[in-house]
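Here are the chains, one letter per residue:
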Amino acid sequence: MLPGYAELHCVSNYSFLRGASDPEELVHRAAKLGYGALAITDECSVSGIVRAHLAAKEAGVRLLIGTELRLACGLGLVLLAQSLAGYESLCALVTRARRAAPKGEYRLAREDFPAATEGLLALWLPAGEGQPEEGAWVRGRFPGRAWIAVELHKGPDDAARLASLEALGRALGLPLVAAGDVHMHRRNRKRLQDVLTAIRLKVPVAQAGRRLQPNAERYLRPIGRLAMTYPPALLAATLDVAARCDFSLAEIRYEYPGELVPTGETPTTHLRKLAFEGLARRYPSGPPASVVATVEHELRLIADMGYEPFFLTVHDIVVFARSRAILCQGRGSAANSAVCYCLGITEVDPGRMSVLFERFISKE
């Protein structure tokens, strides 16, 4: 019977000029191979996880969300979100790293990590035989939540590397776990991956030499092939790590600013108040009955959909912009909203033309 496996280190084409497969290809291939879970860990990015999340729902694959980080000191890490709090910390680190460098680059130091890293798991990616001091830092910053990633790709020194990492793990008290450093869903993407590497390096493929990956092993390997590469304990550890990650994108809901609603009001009552105040401003001599009916109809639908905070947020932005003499204008199908007209978001008068709110927002 084949062992189970969860891939914990996998980059997609959202790791620009590195990954040679898109998130959907990776997820569907993992499903076909019978993986217990798949982590998408693009380099200093979570850009591909929405597409991966949708594909995972369709394919029935358990998706783990993480990122790969290379610190300025050379330390390599894969971080995995255990929980919503961990995902927030992960995104904060990505933001900090990207803001510290020119566009397309990132910069992160050990000092940038929060003192409390609850909700995050860490896989240390040792370079060569690994620096014990690096491992000690990882162990201390992620107590009980750190592993040494063992990534074997049929190289001539795999046995020696495995023995070296096992000795390092014993010395540091860090457990080992198998990982793939996956760059493609199938091995036949190797040529494309080579081209991407050459573009990144700004050299012809023929001149890239040893800077290209030496073989096509950084793909989603069948579990039987993995079983011939890694000790069973390291494969089993992948499932243990995956089992500790409970976070899903389905947990996320947009949280609108609560301060937009005055004390004693609800989003529904406050939006209604603003809409009718705007209605009185727009029609000083009194609004046409048809426009009042349209506003009432729209407010009912907005309430049914729970969209009041969205309208209040856009209204707040418009008020701010107008107070600073910043030109702003609602566009597109928002022009079909009488409520948007009353709030000053658009300038299309529903009393002078027929509007169809369902072009903007519809239950269907």
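Residues numbered from 1 in each chain as written. Predicted model: local features only at pLDDT ≥ 70, side-chain atom pairs only at ≥ 80, totals over all residues. Heavy atoms only, no water.

1. Some points on the sheet that holds strand β5 (residues 120-124)
The criterion, for reference: Pairing between strands requires that DSSP locate at least two bridges from one strand to the other. Each helix corresponds to a stretch of at least 4 residues labelled H or I by DSSP, and each strand to a stretch of at least 2 residues labelled E; elements are numbered beginning at the N terminus. Contacts were defined at the residue level, with two residues in contact if any of their heavy atoms lie within 4.5 Å. Fitted lines through C-alpha atoms give the axes, limited to the stretch in contact for helices. The angle between two N-to-C directions lies from 0 to 180 degrees.
The 7 strands are arranged β1-β2-β3-β4-β5-β6-β7 in an open sheet whose pairing can be described as mixed. Looking at strand neighbours, the two that pair on one side only are β1 (6-7) and β7 (176-178), the edges of this open sheet. One ladder, built from 3 bridges, connects strand β2 (residues 37-40) with strand β3 (residues 63-70); its direction is parallel. Directly across from Ala39, in β3, lies its bridge partner Leu64. Packed on one face of the sheet, helix α9 (residues 232-243) meets β1, β2, β3, β4 (76-81), β5, β6 (146-150) and β7 and runs near 95° to β7.

2. A closer look at unusual backbone geometry
Among all residues save glycine, negative phi is the norm, and among peptide bonds the norm is trans. As a reminder, the rule being used: In this scheme, a residue with accessible area under 20% of its type's maximum is buried, one over 50% is exposed, and one in between is partly exposed, where area comes from a 1.4 Å probe on protein chains only.
Of note, the phi angle at Leu17 is positive, near 60°, even though the residue is not glycine. Within the secondary structure layout, Leu17 lies in the loop between β1 and α1 (23-33). For Leu17, a relative accessible area of 16% puts it in the buried group.

3. Some points on the layout of surface pockets
Worth spelling out the cut-off: Here the term cavity refers to a set of points on a 1 Å grid, laid over the protein atoms alone, in which a 1.4 Å probe fits but cannot get out; the term pocket refers to an open set having protein on both sides within 12 Å along at least five of seven lines, with lining residues being those that place an atom within 4 Å of a point. Grid points are joined across faces, edges and corners, and a volume is the space filled by probe spheres set on the points. Nonpolar residues are Ala, Val, Leu, Ile, Met, Phe, Trp, Tyr, Cys and Pro. Charged residues are Asp, Glu, Lys and Arg, and all others, Gly as well, are polar.
Of the volumes computed, that of the largest pocket is approximately 510 Å³. Lining of the largest pocket is provided by 24 residues; of these, Glu151, His153, Arg161, Asp181 and Arg218 occupy positions nearest its centre. Here the lining of the largest pocket is built from residues that sort into 7 nonpolar, 7 polar and 10 charged. Taken as a whole, the second largest pocket holds about 340 Å³ of empty space. Surrounding the second largest pocket, 14 residues form its lining, Phe16, Glu43, Arg98, Gly104 and Glu105 being those nearest its centre. Taken together, the residues of the lining of the second largest pocket break down into 4 nonpolar, 4 polar and 6 charged.

4. What to know about the packing of aromatic side chains
Heads up, the condition is: Between rings of Phe, Tyr and Trp, where Trp is taken as its six-membered ring, a pair exists when centres lie within 6.5 Å; planes separated by under 30 degrees are stacked, by over 60 edge-to-face, and by other angles tilted. Note on geometry: a ring has a charge over it if NZ (lysine) or CZ (arginine) is within 6 Å of the ring centre and within 35 degrees of the ring normal.
Considering all chains together, one arrives at 7 aromatic pairs under this definition. Between Phe113 and Phe142, the aromatic rings sit 6.3 Å apart at their centres with planes inclined by 85°, giving edge-to-face as the arrangement. With Phe113 in the loop between α3 (84-99) and β5 and Phe142 in the loop between α4 (132-141) and β6, the pair connects residues that are 29 residues apart, well separated along the chain. For the pair Phe113 and Phe142, one class covers both residues: buried. Linked through ring pairs, Phe113, Trp137 and Phe142 together constitute an aromatic cluster. Over the ring of Tyr341 we find Arg282; its NZ or CZ atom is 4.0 Å from the centre of that ring.

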